[in-house]
Protein chains: 2
Amino acid sequence: MTTTTTAWAAADATSPLEPIEIPRRELGPLDVAIDIEFCGICHSDIHTARNEWHGTSYPVVPGHEIVGRVSATGSEVTRHAVGDRVGVGCMVDSCGECESCVDGEQNYCQRGAVMTYNSRDRSGTAARTYGGYSGSIVVTEGFVVSVPEGLDAAAAAPILCAGVTMYSPLKHHKVGPGSTVGIAGFGGLGSMGVKLAKALGAEVTVITRSDKKSAEALKAGADHVLVISDAEAVRGAGRSLDLILSTIPSTHDLGPYLGLLKRDGAYVVLGAIEPLTTPIHGGMLAGRRINVTGSMIGGIPETQDVLDFCAEHGIASDVQVIGVDGINDAYDQLAGGDPGYRFVIDMSTLQPV
Amino acid sequence: MTTTTTAWAAADATSPLEPIEIPRRELGPLDVAIDIEFCGICHSDIHTARNEWHGTSYPVVPGHEIVGRVSATGSEVTRHAVGDRVGVGCMVDSCGECESCVDGEQNYCQRGAVMTYNSRDRSGTAARTYGGYSGSIVVTEGFVVSVPEGLDAAAAAPILCAGVTMYSPLKHHKVGPGSTVGIAGFGGLGSMGVKLAKALGAEVTVITRSDKKSAEALKAGADHVLVISDAEAVRGAGRSLDLILSTIPSTHDLGPYLGLLKRDGAYVVLGAIEPLTTPIHGGMLAGRRINVTGSMIGGIPETQDVLDFCAEHGIASDVQVIGVDGINDAYDQLAGGDPGYRFVIDMSTLQPV
């Protein structure tokens, strides 16, 4: 039986978000129904609500950093039980059959994963997916992860997107003790990256455009802060890093960053998912066999791993908890620049329409 | 005692090459003196002779695909003996102490390897290095490789540069049975790439701009030929390759090539050592975790490996052997487009000045 729940939605690209009623699909045999406690606000939410990436279907309910408790389970569900604290990240389904899915990297599903919002729901009992700015959600159990009770529920929410987005490339590039890692950009992603890389045993350099975030970066655990416009410091740090995770949100000159990498080093584009308009020098790639690559969120097993890793290492996002009526202000603030912490909506503040 | 030998040199950026006398350094305790039998002509020779990469010191004697026989050895030489057939590739020395050198990847020496020509000679007994368009050369034994007697000496010469340039990234990216490899561009490098990748067990697709080299590519062993402007064929081949070795010599749009790569695939820039002016899309890198990287020749152990591998698998370059007085015509022909075979100079045609 389809249910309804209150959600905060954008009606079009320019209106503020407002509460509406939305349907939630019938609980299938493999589905888990979740009462949402907290939902983080990700920059992607804003891009989608404002149609900045195009392709938004309205009304859209953003939110893919969802933490809550299981309220009901389908007849064949085995992984989660009523009352469990669980999470849902950026995806709610995938084909399950392609090489990526078989490898547990549903984020690279070759048929395209079903995203938590603004996707077609392939279950057949709902037209669209609606995200976590809402009272409840129904998700197939394979895309529901366990949130360790040791984690603060609000601070755990951003781990489901920002956390795994940083964790996945750190693991993929085999970061561990002895690794030297650069984190370019110090916002919500960057601060998670510093904490995770440090917990993995790496020496971490935050690379920023100005020194105004230095204190914050060092407080988060960075060993060094490098201001990319400081030519002398950049020269001094030349060829010192194994890996740079770049959270820089738009096109930029990769040259100064690539100069920081050792032979076989990798520059991982996480934020600038648009044409990189400043030419990359082929000779620079060849001369030290440097890799320019990217990474996009993470798979479901990795999402579980990063939650467990954060619980084990006492890692939490820096969050500011807001009520639902603070969403639009938070959007405006985030659109003006990443504050280095994550806004998380307390869903207990949700009122029926 | 410094000796002299005849060599073909460019006196400046615009003159044809002509014979001159050059000094060869004194035979040090670790040095090997070689009577040169054959020397391949590489595109780099032309770029350097014509100062197209800037930084050429004249007179310059090009040539870094050298095959010959040992004529004398220094008192401490253990690896080679008088009469052995040996080879010298792109480098004649390196620091020996940096991480790259210790790893046997002297091509990435952090202090810069000493190149076979147009470099400062660090031995102290000669000012400059002069390449293989000459009767003899003196090289420290660590940079002299053994040329298996089973290889044709002329056809072996291009293995020392073109061969190892293709072999090194194939090995680095762990190509073997089951791998799908694209070779972009089918000239001297491309044809070696096809043969090596096939011998390693890969399925090989030659990617060209026109179908006029199809027959040649298939004859070299390619399983498929893909014309990059054929949108339908390119779509059909989407996400099918693990690795593309790009021998394309100048900046180009990587977009259609990156579309051919699987998740975690790599596009290796070998030829376009200049700014890649058509923007690369960050979202494309992130969406399938694609790597854009490069590679530059290979280390000394890999150079020996590729010679042994070629002998074992009966691989030889397609070469056209010319006399020294054919050098300038060969340059003009190569500058007009890569013919898919390599010119190799027969040094027995060298006459004293």
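About the cut-offs
- Residues numbered from 1 in each chain as written.
- Chains lettered and ligands numbered in written order.
- Predicted model: local features only at pLDDT ≥ 70, side-chain atom pairs only at ≥ 80, totals over all residues.
- Heavy atoms only, no water.
- Helix = DSSP H or I, 4+ residues; strand = E, 2+ residues; numbered from the N terminus.
- Rg over C-alpha atoms; globule rule 2.2 N^0.38 Å.
- Buried < 20%, exposed > 50% of the residue type's maximum accessible area, 1.4 Å probe, protein only.
- Lys, Arg positive; Asp, Glu negative; His and termini not counted.
- Charge placed at Lys NZ, Arg CZ, Asp CG, Glu CD.
- Contact = heavy atoms within 4.5 Å.
- Buried area = accessible area lost by both parts, 1.4 Å probe.
- Salt bridge = Lys/Arg side-chain N within 4 Å of Asp/Glu carboxyl O.
- Polar contact = N/O pair within 3.5 Å; in protein donor to acceptor, adjacent residues only side chain to side chain.
- Nonpolar A, V, L, I, M, F, W, Y, C, P; charged D, E, K, R; others polar.
- Pairing = 2+ DSSP bridges.
- Least-squares fit on C-alpha atoms with pLDDT ≥ 70 in both.
- pLDDT = per-residue confidence, 0-100.
- Disulfide = S-S within 2.5 Å.
- Expected span 1.5 Å × (residues − 1).
- Phe/Tyr/Trp six-rings, centres within 6.5 Å; stacked < 30°, edge-to-face > 60°.

Enquirer: I keep staring at the overall build of chain A and nothing clicks. Help me out?
Expert: Secondary structure summary: chain A contains 11 helices and 19 strands in total. The C-alpha radius of gyration of chain A comes to 20 Å, within 12% of the 20 Å expected for a compact globule of 353 residues. If one aligns the C-alpha atoms of chain A with their principal axes, the spans along those axes are about 65 × 40 × 35 Å. Out of the 353 residues in chain A, the part that is buried amounts to 59%. Computed over 25 positive and 41 negative side-chain charges, the separation of the two mean positions in chain A equals 8 Å.

Enquirer: For this particular structure, what's the right way to read the interface of chain B and chain A?
Expert: Of the residues lining the interface, 35 residues belong to chain B; the matching set on chain A comes to 35 residues. Among the residues chain B hides against chain A, the three largest losses belong to B:Arg263, B:Ala286 and B:Arg289. Together they make up 23% of the total. Across the pair A:Glu105 and B:Arg263 runs a salt bridge whose closest N-O atoms are separated by 2.3 Å. Where chain B meets chain A, there are 21 residue pairs in polar contact (both at pLDDT 80 or more). Class assignment for the residues of the side of chain B that touches chain A results in 13 nonpolar, 13 polar and 9 charged. Pairing of strand β15 (residues 275-276) of chain A with strand β16 (residues 280-281) of chain B, which is carried by 2 bridges, proceeds in the antiparallel orientation. The residue of β16(B) that forms the bridge with A:Pro275 is B:His281.

Enquirer: Help me understand the relation of the copies chain B and chain A, please; the structure alone is not making it clear to me.
Expert: The two chain copies are connected by a rotation around an axis plus a translation along it. By a simple turn and slide, chain B fits onto chain A: the slide is 0.0 Å along the axis, the RMSD is 0.0 Å, and the turn is 180 degrees. Viewed as a symmetry operation, the transformation between the two copies matches a two-fold axis. The position closest to the rotation axis in chain B is occupied by the C-alpha of B:Val292, lying 2.5 Å away. Counting the interface residues of chain B, we find that 100% of their copies in chain A are interface residues as well, pointing to one common contact surface.

Enquirer: Even after reading the chapter, I still don't get the confidence of the model for chain A, so can you show me in this structure?
Expert: Interpretation of the predicted coordinates at a detailed level should be avoided for regions scoring low in pLDDT. Mean pLDDT over chain A: 95, with 100% of residues reaching 70 or higher. Complex prediction metrics read pTM 0.94 and ipTM 0.93.

Enquirer: Sorry if this is basic, but what is going on with the pairing of strand β1 (residues 3-9) of chain B here?
Expert: On a regular strand, one side chain projects to one face of the sheet and the next to the other, so that they alternate. Residue and element names in this part refer to chain B. β1 sits mainly inside the fold: 5 of its 7 residues count as buried. Two elements, β1 and strand β2 (residues 18-24), share 7 bridges in a ladder whose sense is antiparallel. Paired with Thr5 across the strands is Ile22, a residue of β2.

Enquirer: I tried to follow the state of the cysteines on my own but got confused; where do I start?
Expert: Think of a disulfide as a covalent bridge from one cysteine sulfur atom to another cysteine sulfur atom. All names here are of chain B. Inspection of every chain in the model, using the stated rule, returns 0 disulfides over all chains. Cys39 takes part in no disulfide bond, and the closest cysteine sulfur to it belongs to Cys42, at a distance of 9.7 Å. The thiol sulfur of Cys109 is not disulfide-bonded, and the nearest other cysteine sulfur, from Cys101, lies at 3.7 Å.

Enquirer: It is not clear to me how helix α10 (residues 300-313) of chain A should be interpreted in this structure. Could you clarify?
Expert: Since one α-helical turn is 3.6 residues long, residues separated by three or four positions face the same way. All names here are of chain A. With 14 residues, α10 ought to run about 20 Å at 1.5 Å a step, and its terminal C-alpha atoms sit 20 Å apart, in line with that. Within α10, the full set of buried residues consists of Ile300, Glu302, Thr303, Gln304, Val306, Leu307, Phe309 and Cys310. In the core, the buried residues of α10 are packed alongside β6 (91-93), β9 (145-146), α3 (153-156), α4 (162-172) and α5 (188-199). Phi turns positive one or two residues past the end of α10, at Gly314, with a value near 65 degrees.

Enquirer: Whenever I open this one, the packing of aromatic side chains confuses me. Can you help?
Expert: Note on aromatic pairs: each is described by the distance of the centres and the angle between the planes. By the definition in use, this model includes 8 aromatic pairs over all chains. Ring centres of A:Tyr167 and A:Phe309 lie 5.6 Å apart, and the angle between their planes is 45 degrees; on these two criteria the pair is classed as tilted. Note that A:Tyr167 is positioned in helix α4 and A:Phe309 in helix α10, a separation of 142 residues in sequence. With respect to burial, A:Tyr167 and A:Phe309 carry one shared label: buried. Ring centres 5.7 Å apart and planes at 50 degrees place the aromatic pair B:Tyr257 and B:Tyr267 in the tilted group. Taken as a pair, B:Tyr257 in helix α8 (residues 255-258) and B:Tyr267 in strand β14 (residues 261-269) lie far apart in primary sequence, 10 residues in all. Across the pair, exposure class does not vary: B:Tyr257 and B:Tyr267 are buried alike.

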